[in-house]
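# Per-entry structural report
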Amino acid sequence: MSATAAIHLDRQILGPRIVPTSWLLGLLSGSLIVVIAMMGWADLHMDFLKASNAKYLLALILLAAVRFAMRERTIGWQRVARDLTEYVGLFLFISLLGATATYPAAAATSGFADAALARIDAALGFVWLDWYMLVVDHPWLQTAGRLAYANIYLSPVLLLGGLALSGERARAQLFLFSFWLAALITMLLFLAMPAVGPLAHIWQGPVPYMPTSALYQAELLPMLRDNMLGAVDLGALQGLVCAPSFHTAAAVIYIAMAWPCRYLRWPLLLINAAMLLSTPVEGTHYLVDMIGGAMVGLFALCTAGAIQYSLPKIREKRIWRETGLWQNLTSSSSAAVPPVVQSRDG
């Protein structure tokens, strides 16, 4: 079977299993309301007139406007551009919302789980200091590690771009749903086991090499708990979650979503393998954080996949229907699916 025929068959199978866009928007709208309430409870605010915040708001508005303007575009590069702006907009919103949510969540935490996490690492035979000193002694590993750790931003660009080009809308929406679910689970687990990370917990004395994640958990968690931060800046968001590792959860999702696509499989596998190798030091993570992150990613994929697999039955039983308003707003959102499959994703 040719690659083109395989993709066509994949669309036929997954067409009726497209996660409805209205579901994604509903989840994100509900998530936004919850995060706003959490921000109010934690006495945190966000100034959207500040340039570092306004640029993200403007980017989201621009992506939404382009998507709406191109809603009837169903062929060629216009269809690719329409789908890509939608995917990138949703992914950016999920990422910003998830990172922002960790700030009021941190204010609700107490204590630190580092001692327990370090003991589990010791039982697994993992010595974080050995990894750290290896990087300290080899400056090229420091540069390589920083670049590899930043690949959490490169992978979704390649993945969503590839899925938009090939018209695999079902897989793109499954990825977005899985990513949102993994972010939610990560934040809930963070509430139960906040940690400052092995660099702050284990290292004594001057720091010979400051990794990407620095000492932000040790610096910001106490400030948030004491209501001393005040404002959240989207342009200066820092990773506050040590356990589980969201970089690891994201890597698992990226690899799984890219695996069926031959032209994406190996590039994303290599990129994310490098990111995982850099995570203990650059992310200041315990090994058990990464194991937990991998489990979160797998659970999110399995749960989202099970829901997607059940969509045809849900539609047959008329458990879910699109509203006429949403159908008018996104009347061609299923245009990438071949005519032999009719999707109700308006």
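Residues numbered from 1 in each chain as written. Predicted model: local features only at pLDDT ≥ 70, side-chain atom pairs only at ≥ 80, totals over all residues. Heavy atoms only, no water.

## A short note on the overall build of the protein
The secondary structure content of the protein amounts to 15 helices and 0 strands. For the protein, with 346 residues in total, the buried portion stands at 49%. For the protein, the exposed area adds up to about 16,100 Å²; of that, 69% sits on carbon and sulfur atoms. (Helix = DSSP H or I, 4+ residues; strand = E, 2+ residues; numbered from the N terminus. Buried < 20%, exposed > 50% of the residue type's maximum accessible area, 1.4 Å probe, protein only. Areas by Shrake-Rupley, 256 points an atom, 1.4 Å probe, with all protein chains shown as cover.)

## Looking at a nonpolar patch on the surface
Side chains of Phe48, Leu57, Leu58 and Ile61 sit close together on the surface and give an oily, nonpolar patch of about 370 Å² of accessible area. Relative to the assigned elements, Ile61 resides in helix α3 (residues 51-69). (Patch = residues over 30% accessible without salt bridge, like charges linked within 9 Å, V, L, I, M, F, W, Y side chains within 5 Å. Salt bridge = Lys/Arg side-chain N within 4 Å of Asp/Glu carboxyl O.)

## Remarks on the packing of α3 against helix α4 (residues 76-107)
Packing of α3 against α4 brings their axes to within 9 Å, and their N-to-C directions diverge by 150°. When the axes of α3 and α4 are compared, the pair comes out roughly antiparallel. Taken as a pair, α3 and α4 cross one another with a handedness that is left-handed. Residues Tyr56, Ala59, Leu60, Leu63, Val66 and Arg67 of α3 form the contact with α4, whose own contacting residues are Arg82, Thr85, Glu86, Val88, Gly89, Leu92, Phe93 and Leu96. In terms of residue class, the contact of α3 with α4 is made up of 9 nonpolar, 2 polar and 3 charged. (Axes fitted to C-alpha atoms, helices over the stretch in contact; angles between N-to-C directions. Parallel < 35°, antiparallel > 145°, perpendicular 65-115°, else oblique. Left-handed = near helix turned anticlockwise from the far one by under 90°. Contact = heavy atoms within 4.5 Å. Nonpolar A, V, L, I, M, F, W, Y, C, P; charged D, E, K, R; others polar.)

## Details of the packing of aromatic side chains
Using the criterion set out here, one finds 11 aromatic pairs in the structure. Aromatic side chains Phe179 and Tyr254 sit 6.3 Å apart centroid to centroid with 15° between the ring planes, which places their arrangement in the stacked category. On the criterion of sequence distance, the pair formed by Phe179 in helix α9 (residues 169-192) and Tyr254 in helix α12 (residues 246-258) is long-range, its members being 75 residues apart. With respect to burial, Phe179 and Tyr254 carry one shared label: buried. Within the aromatic cluster, the residues linked to one another by ring pairs are Phe91, Phe175, Phe179, Phe246 and Tyr254. Between the NZ or CZ atom of Arg225 and the centre of the ring of Phe112, over which it lies, the distance is 4.4 Å. The ring of Trp259 carries Arg265 above its face, with NZ or CZ at 4.9 Å from the centroid. (Phe/Tyr/Trp six-rings, centres within 6.5 Å; stacked < 30°, edge-to-face > 60°. Lys NZ or Arg CZ within 6 Å of the ring centre and 35° of its normal.)

## Things to note about unusual backbone geometry
Omega for the bond connecting Ala243 with Pro244 falls within 30 degrees of zero, at 0°, which places this linkage in the cis form. Residue position: Pro244 is located in the loop between α11 (216-225) and α12. Not every positive phi belongs to a glycine, and Asp43 is a case in point at roughly 60°. For Asp43, the location among the structural elements is in the loop between α2 (21-41) and α3. Residue Asp43 is classed as exposed on the basis of its relative accessible area of 54%. Here the phi dihedral of Ala214 falls at roughly 50°; this positive angle occurs in a residue that is not glycine. In this structure, Ala214 sits in the loop between α10 (198-202) and α11.

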